[in-house]
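What follows is each chain in one-letter form.
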Amino acid sequence: MTMRLLLLLVLAVAAVAVAETERRATYIVHMAKSAMPAEYADHGEWYGASLRSVSAAKMLYAYDTVAHGFSARLTEQEASEMAAADGVLAVNPETRYELHTTRTPEFLGLAGSENLFPQSGTAGDVVVGVLDTGVWPESKSYNDAGLAEVPSSWKGTCMAGTAFNSSACNRKLIGARFFNRGYEAAMGPMDTSRESRSPRDDDGHGTHTSSTAAGSAVAGANLFGFASGTARGMAPRARVAVYKVCWLGGCFSSDILAGMDAAVADGCGVLSLSLGGGSSDYARDSVAIGAFSAMEQNVLVSCSAGNAGPGSSTLSNVAPWITTVGAGTLDRDFPAYVVLGDGRNYTGVSLYAGKALPTTPIPIVYAGNASNSTSGNLCMPRTLSPEKVSGKIVVCDRGINARVQKGFVVRDAGGAGMVLANTAANGQELVADAHLLPAAGVGEKEGALIKSYIASDPKPTATIVVAGTQVDVRPSPLVAAFSSRGPNMVTPEILKPDIIAPGVNILAAWTGKEGPTGLAADTRRVSFNIISGTSMSCPHVSGLAALLRSAHPEWSPAAVRSALMTTAYSTYTAGGAGPILDAATDRAATPFDYGAGHVDPTRAVEPGLVYDLGTGDYVDFLCALKYTPNMIAALSRGKSYACAANKTYAVSDLNYPSFSVAYSTANGEAGDSGSTTVTHTRTLTNVGAAGTYKVDASVSMSGVTVDVKPTALEFTAVGEKKSYTVSFTAAKSQPSGTVGFGRLVWSDGGKHSVASPIALTWT
C-alpha cells in the first residue's frame, strides 16, 4: 500500500512538472524577411514551417505590413528554440494593454475656421484608423451626408460578425475589422452574451474616441441635457476606420499588432490608439514596433500618455516616432453645490439628472464612520452598514474602485446621496460623472472641510444641488491630475509627453449596449456620454493631425507633430496671464506635465518652420542607444539598417521639437566645481514664406546658461533647411532629482513663433 501511494505521488509530481513545461503563452516572433530560404514560395509558408520546426501550435496571426513575422502560443522552451532559429530576429512575450479611459471645437478655436482646411473629396482626403473597442455604427456621428465617394485608394473592408453586417459601413465609417485571436488564446472563449465577436462596440470607449477624432456634426447632442449643442469630431470631413482590438479582458499585443498591420495596409493616414501598457524597451514594445513601421510608410501614430498621474515617470507610449498626448481640462464645467446645515456651501461637479434631493438638509455621514471595514471610507462593495447610512448623504473618499460604483454602493445600502471627496492623489481636479443617485464630486480641500464639519457637529446635515452646464470657466486649461507625467524613463533625453489636449468631461458618441456609467445596474441608454481620460485627449490630436494632413498632404508625420508642438501654448491666452496650472497641485505645471503645451490647431496649420524627421534619423537614434542589428531589424521589419563603426551617434542629435537635457550628478553628489556642457543639434525646414528668424532661449535655473549658434536663420524658399546648435552649460553639479525648465523660440517678428520646451534633469 505504501509503495502504491509513493508511486502515485511520483506520478503526480511528474505530471505537475510536465504541466509546467507545457504551460503556453502567446509570443510574437519577428522574422528577417530577406532571410527567407529560396525553397519557400512566400513568407507565410516560411513562417508556418519555422513554427512547425519547434511546435505543433497553430499560428494566431501572420504579420506583413508593420511587422514581419507571426504570433503563436508557445512554451518557454519552444520560445527559446524559436529565438535560436535561422531568420528569427526576436521572440517577444505578449503584453496586455489597458484602455486609458461639443465644447471642444470652440475651445480649440476651430469653430468658424473651416476655410483653413480643405473639404472632403480633395487629394487631401485622410482616413483615421482607430484601434479600440469597436464602433456603434448606428450613431449619428457616422452619418455620411455630404461626403464624396470612398477614396479609390482605400483597401479596407467591413467585416461581418455578431450583430454587425457589412452594410453597417458607409462613406464616413469606411472600414471595420476585429481581432480577437490573441484575446481568446489567452483568456479562453469569449462570453458572447456579454461581448460581440464582431466590430460592434459593447463598451462605448471605441465609439467615443472615433467620434471625437472624426465624427460628423450632430445637432442637439447632450447627456441628460448637459453640454447641449452640436457635437462634431476634430476632422468632421475625414473618414473613419475602426479596428476592434480591445475586449472585456483587455487589449492584447498580438491583436493590436494585427490591427495596426491591417490599418496601414488598408490605407489609413493616421492611427489613434488610446491604450497603453507602461514603458518598455522599444524593441519589445509591440505598439512602438508597429508605430515605427507605420512611420516608415508615412502614417502618423497618436497615442495616449496614460492615466497614472500625477506621479512622475508614469508615461506610456514614449517612443519618439509616436505622438504622445496628455490631457487637459476644457473651459466648460458641470457645477453642483454641497450645502451644509451650518449655511456653508462648496462647489463640486455632477452629471446627475434624476430626482433631486429635498431642499431641506438631510443627515450626512462619513463612510469611514459607517462601516466595519478598514476600507469603508472608499465605499467599496458591501462595506457600508445600511443602518448607519439609510436615508443619508454619504461622503466617500475617491480611489481604488470606480467613482460611479461608489454611488451604486451607497444607493444599495440605502443612502440618499453621495459626496465624492478627492484625496491628495487627485487634489482639486474635478471629473463629472452621470451618477445613479444625487451626488457631487468635490476637491481635496472641500472634502476635508466637509468631513471636518461632520466630525464637529453632533447632527450634521446637508443637501446637494446640481446646477447644469457652465462655460467660459477660467483658468482653463489645467493639466488633468490623472494625466501621466515625465520624465521619460526609457530615454530621458526625449521629453514626453509631446502635447496636451482636451481630455476631461468630453462629450462624444456612445454605444447602445451600455449605460453611461458602464455598470451592469445602469439600465439607462444614451446616444452621447461625457467621460474623461488621456483616451479622450489622444483622438483630439489624431483628428487634428488628419486636418493638417488634409491641408498639407506633403508633410511627413514628424512635420505634422512638429507643427502641433511648436505652436502649442504653455501660458494662458485668456482670462489672465501666467503659466498653465496643474489641477493636482493648483500650481504651475511644467513640460514634464504638458510637453510643448496645449494644442492650438489654428496656429498649427501655418507653423512657419518644422523639425522634420525620417526613418534614417530614427535609426541613428537607435544606434545612439547601442541597439544591436537584430533589435533594429525587429523594429524596421528586417531591413538591414546598420550602425557605422566610424560614426559617432548621439541621442541629442535627434531632430526633436523639444529639448531634454540629462546631466549626471558628479559621483552621486552635488557641488562638483567642474562645469558640464551638453550640446544639441537641430535642423529647421521652412514651410512658409521667406523670412529671417531670430532666437530667444532661457532657462529658469541659476547656474545654467544656454548658447544658440547661430542666433538668426534666414530662409528664402519653401523646403529650405537650416541647422543650429544649442549648448546647455551647468556651472556645477546638482543633487540627483534636481529639475529646471525653459523655452527656446525662433520668431520672424510677426506671425510665426516656433517654440520648444526645455527640461533639465540631474540623474
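For the structure, see preceding data.
First, a word on scope: everything that follows refers to the structure included in this document. What you see is a predicted model, and the numbers here were worked out from it, not measured in a lab. Note on numbering: residues in each chain are counted from 1, in written sequence order. Thresholds applied to this predicted model are a pLDDT of at least 70 for local features of residues and 80 or more for the giving and counting of side-chain atom pairs; totals over whole chains, interfaces and linings are not thresholded and use all residues. For the side-chain quantities, the full set of heavy atoms in the structure was used; hydrogens and water were omitted.

## A few points about the pairing of strand β3 (residues 69-74)
Working step 1: For every residue, the accessible area (1.4 Å probe, protein chains only) is compared with the maximum for its type, and the residue is labelled buried under 20%, exposed over 50%, or partly exposed between those bounds. Put simply, DSSP H or I for four residues or longer makes a helix, DSSP E for two residues or longer makes a strand, and each gets a number counted from the N terminus. Judged by how many residues are buried, β3 sits mostly within the fold: five of six residues are covered.
Working step 2: As paired strands, strand β1 (residues 25-31) and β3 are joined by six bridges and run antiparallel to one another. Following the sheet pairing, Ile-28 is matched in β3 by Ser-71.
Working step 3: Strands were regarded as paired on the criterion that DSSP finds at least two bridges between them. Where strand β2 (residues 59-63) and β3 come together, four bridges link them in antiparallel fashion. Across the sheet, residue Met-59 finds its bridge partner in β3, namely Ala-72.

## A look at the sheet that holds strand β5 (residues 96-99)
Working step 1: Ordered in space as β11-β12-β5-β14, the four strands form an open sheet in which the pairing is antiparallel. Of all the strands in the sheet, just β11 (246-247) and β14 (275-276) have a single pairing partner and so form its edges.
Working step 2: Bridge count for β5 against β14 is two bridges, and the pairing is antiparallel. The partner of Glu-98 across the bridge, within β14, is Gly-276.

## Here's the deal with the nonpolar core
Working step 1: Counting 102 residues, the largest nonpolar core has Leu-271, Leu-273, Tyr-282 and Trp-321 as its most contacted members.
Working step 2: Not counting chain neighbours up to four residues away, the residues in contact with Trp-321 comprise Tyr-282, Ala-288, Ala-291, Phe-292, Met-295, Arg-561, Tyr-618, Phe-621, Leu-622 and Leu-635. Throughout, nonpolar core names a set of buried Ala, Val, Leu, Ile, Met, Phe, Trp, Tyr and Cys residues whose side chains join them through atoms within 4.5 Å. Whether two residues are in contact is decided by their heavy atoms, any of which lying within 4.5 Å being enough.

## Details of the packing of helix α6 (residues 205-214) against helix α12 (residues 534-551)
Working step 1: Lines fitted to C-alpha atoms define the axes here, with helix axes fitted over just the stretch in contact, and angles between the N-to-C directions of these axes take values from 0 to 180 degrees. At a closest axis distance of 7 Å, the pairing of α6 and α12 adopts a crossing angle of 35°. The element α6 and its partner α12 pack so that their crossing is right-handed. The segment α6 lies against α12, with His-205, His-208, Thr-209, Thr-212 and Ala-213 engaging Ser-535, Met-536, Pro-539, His-540 and Gly-543.
Working step 2: Following the grouping adopted for this structure description, the nonpolar residues are Ala, Val, Leu, Ile, Met, Phe, Trp, Tyr, Cys and Pro, the charged ones are Asp, Glu, Lys and Arg, and the polar ones are all others, Gly among them. Of the residues assigned to the contact of α6 with α12, the class counts are three nonpolar, seven polar and no charged. Left-handed is the label given to a crossing in which the near helix is rotated counterclockwise from the far helix by less than a right angle, and right-handed is the label when the rotation is clockwise.

## Focus: the packing of helix α8 (residues 286-296) against helix α16 (residues 615-624)
Working step 1: It is the contact of α8 with α16, at a shortest axis distance of 10 Å, that shows an interaxial angle of 145°. Facing α8, whose interface residues are Phe-292, Met-295 and Glu-296, α16 presents Thr-615, Tyr-618, Val-619 and Leu-622.
Working step 2: For the contact of α8 with α16, the class distribution of residues is five nonpolar, one polar and one charged.

## Quick look at the packing of aromatic side chains
Working step 1: Working definition: rings of Phe, Tyr and Trp (its six-membered ring) pair if their centres are within 6.5 Å, and the pair is stacked with planes under 30 degrees apart, edge-to-face with planes over 60 apart, and tilted otherwise. Tallied over the entire structure, the rule returns 17 aromatic pairs.
Working step 2: Between the aromatic rings of Tyr-663 and Trp-762, the centroid separation amounts to 4.7 Å while the plane-to-plane angle is 25°, which identifies the pairing as stacked. Here Tyr-663 is found in strand β32 (residues 659-663), whereas its partner Trp-762 is found in strand β39 (residues 753-762), with 99 residues between them in sequence. Across the pair, Trp-762 and Tyr-663 agree in class, each one buried.
Working step 3: Charge-over-ring contacts are defined here by two conditions on Lys NZ or Arg CZ: a distance within 6 Å of the ring centre and an angle within 35 degrees of the ring normal. Between the NZ or CZ atom of Arg-200 and the centre of the ring of Trp-136, over which it lies, the distance is 4.4 Å.

Nothing here speaks to function; it is all geometry.
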